[in-house]
Amino acid sequence: MKIFIVATPIFDANMVVEAYDLKYQRCDLPLGSARMTAELDGATFSPGLEFLNSVGTDAFTNNKKIFVPVDQYLLLANFADLSSIPPELLVCVINKDFPLEPRFLLRCMKMKQRGYFFALNNVQYTLKTAVLFELADYIILNTDSKDFGDNLLEVRTKKPSAVAICTNIESKDFFNKIKGIPNALFEGRFYSRPLSKGVKKISPLKSNALQLLKAVGSEEEPDFEVSDIAKYIQRDAALSIALLRFINSPAIGLRQKVNSISHAIAMLGLKQTRKWVMAAISAYLAFDEPNELTRLILVRAKFAENLASTFHMENQSGDLFLMGVLSLLDVVMEAPISVALREVSAKQVIFDALASHEGPFYHVLELIFAYEHADWERVSQIMILNALTAEGIQGAFLNAMLWYKQLLLDNEEEA
């Protein structure tokens, strides 16, 4: 099925992922005009759920709850019987235009009895919608709305047991202001953006990792010394273990187990060693950030690499991977992106894309940003402008998700 699909994280106040919000779009119709349902054996069914049924939910949710839009057509199709998602992991999202007819409400009640969860999105409390509030486990509230405070108060009054999902949080500063809201979860881009106030002093551990990144990434010294790399890594046992686990993962594809950095270079060669060292260290730099940031770094890097052929940049796939790796360096270093990139001597084409938003790599980066934020209209526009195919984009993202999931499983098995 031709579909754009992404799952955005929902955090608690401690920046721990509690659930994911599934966002998807049929991509066989242009500019975001596709409907959210598709014909399946004579009945309507969610293309997002159909896609998850075919590829599994592990790569997208890591066994967390997933929020999925549900309308009357899905209820009529008895989608719960067709879905492979266990009831305890599926949150059915009902929007404001949901018809309050007895036949639909009855089906919701039966699903609730089977253990499914329900969330209301942009539904105002009235005498008619009161029955929906009785069903609701979650109430989704837009923090951009001028009525956010009033809506939150209404939730607390009408359904105090419901968890408030505060969405569209764009900055860490704003998240820090509202994270004290009781019985609430939070969604938005804030976790992947740097603090807007000041620059923190770089910790010794991050300073050591930065030196390593600079050693393997410098254009001035492309043939780095093995002894120098080993010296940096040996200063931190956790870093050494993390790097060896990363390189030994079957997702990397080595046939022989690597037991030292010298061995890794001999097996991979300098170019591939540089790539995987930079990926492992960049993920390690985010050790004091939410785990979701590590996931975003690695998925974004692999997504960028996979898009190389789609953008006719096959010979630059390695540099596109490194662009993805370094794309969140400002967040993990809590410094302006231009400063962070100079610290690691990033290539000029990568610097241009990330710091100046220009150059050939920025076209790839722009598509990735739009896709991650489920801006399907912008994705379609970029497709048209660059003569891209939906299959190429869909395949590149899905492969990146499955690749990351394999990395995660491999590391968990060794832990």
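Structure: above.
What this report covers is the structure whose coordinates are included nearby. (Residues numbered from 1 in each chain as written. Predicted model: local features only at pLDDT ≥ 70, side-chain atom pairs only at ≥ 80, totals over all residues. Heavy atoms only, no water.)

## Observations concerning the pairing of strand β7 (residues 117-121)
Here is step 1: Where strand β6 (residues 90-95) lies against β7, five bridges are found, and the strand directions are parallel. Bridge pairing in β7 places I94 opposite L120.
Here is step 2: In this sheet, strand β8 (residues 138-142) lies alongside β7 in parallel orientation, the contact comprising three bridges. By the bridge assignment for β8, L120 is matched with I139.
Here is step 3: As for the winding sense of the linkage, the β-α-β connection from β7 through helix α6 (residues 130-135) to β8 is right-handed. (Pairing = 2+ DSSP bridges. Helix = DSSP H or I, 4+ residues; strand = E, 2+ residues; numbered from the N terminus. Right-handed = clockwise from strand over helix to strand, strands pointing away.)

## Let's talk about the pattern of salt bridges
Here is step 1: Counted according to the given criterion, the structure contains ten salt bridges.
Here is step 2: R300 is the salt-bridge partner of E372, the closest N and O atoms lying 2.7 Å from each other. Taken together, the residues span a long stretch of sequence, with E372 in helix α19 (residues 360-372) and R300 in helix α14 (residues 291-306) at a distance of 72 residues.
Here is step 3: E372 gets classed as buried once you look at its relative accessible area, which sits at 10%.
Here is step 4: Between E366 and R378 there is a salt bridge, with the nearest N and O atoms lying 2.6 Å from each other. (Salt bridge = Lys/Arg side-chain N within 4 Å of Asp/Glu carboxyl O. Buried < 20%, exposed > 50% of the residue type's maximum accessible area, 1.4 Å probe, protein only.)

## Focus: the nonpolar core
Here is step 1: Counting 117 residues, the largest nonpolar core has M323, L326 and Y371 as the members making the most contacts within it.
Here is step 2: Broken down by element, this core gets its largest block of residues, ten residues, from helix α21 (residues 390-414).
Here is step 3: With eleven residues, the next largest nonpolar core counts F67, V91, A119 and Y138 among its residues. (Core = buried A, V, L, I, M, F, W, Y, C linked by side-chain atoms within 4.5 Å.)

## Looking at the side chain of T310
Here is step 1: As for its position among the elements, T310 is in the loop between α14 and α15 (317-326).
Here is step 2: Under the relative-accessibility criterion, T310 is labelled buried at 13%.
Here is step 3: Beyond its immediate stretch of four places on either side in the chain, T310 contacts L388 and G392. (Contact = heavy atoms within 4.5 Å.)

## Thoughts on α15
Here is step 1: Where burial is concerned, most of α15 is hidden: eight out of the ten residues are buried.
Here is step 2: Every buried residue of α15 is listed here: D319, L320, F321, L322, M323, G324, V325 and L326.

## Structural notes on the packing of α14 against α19
Here is step 1: Interhelical geometry of α14 versus α19 gives an angle of 130° and a closest axis separation of 10 Å. Classified by the interaxial angle, the pair formed by α14 and α19 is oblique. In the crossing of α14 with α19, the sense of the turn from one axis to the other is right-handed. Touching L296, R300, F303 and A304 of α14 are V364, I368, F369, Y371 and E372, all from α19. (Axes fitted to C-alpha atoms, helices over the stretch in contact; angles between N-to-C directions. Parallel < 35°, antiparallel > 145°, perpendicular 65-115°, else oblique. Left-handed = near helix turned anticlockwise from the far one by under 90°.)

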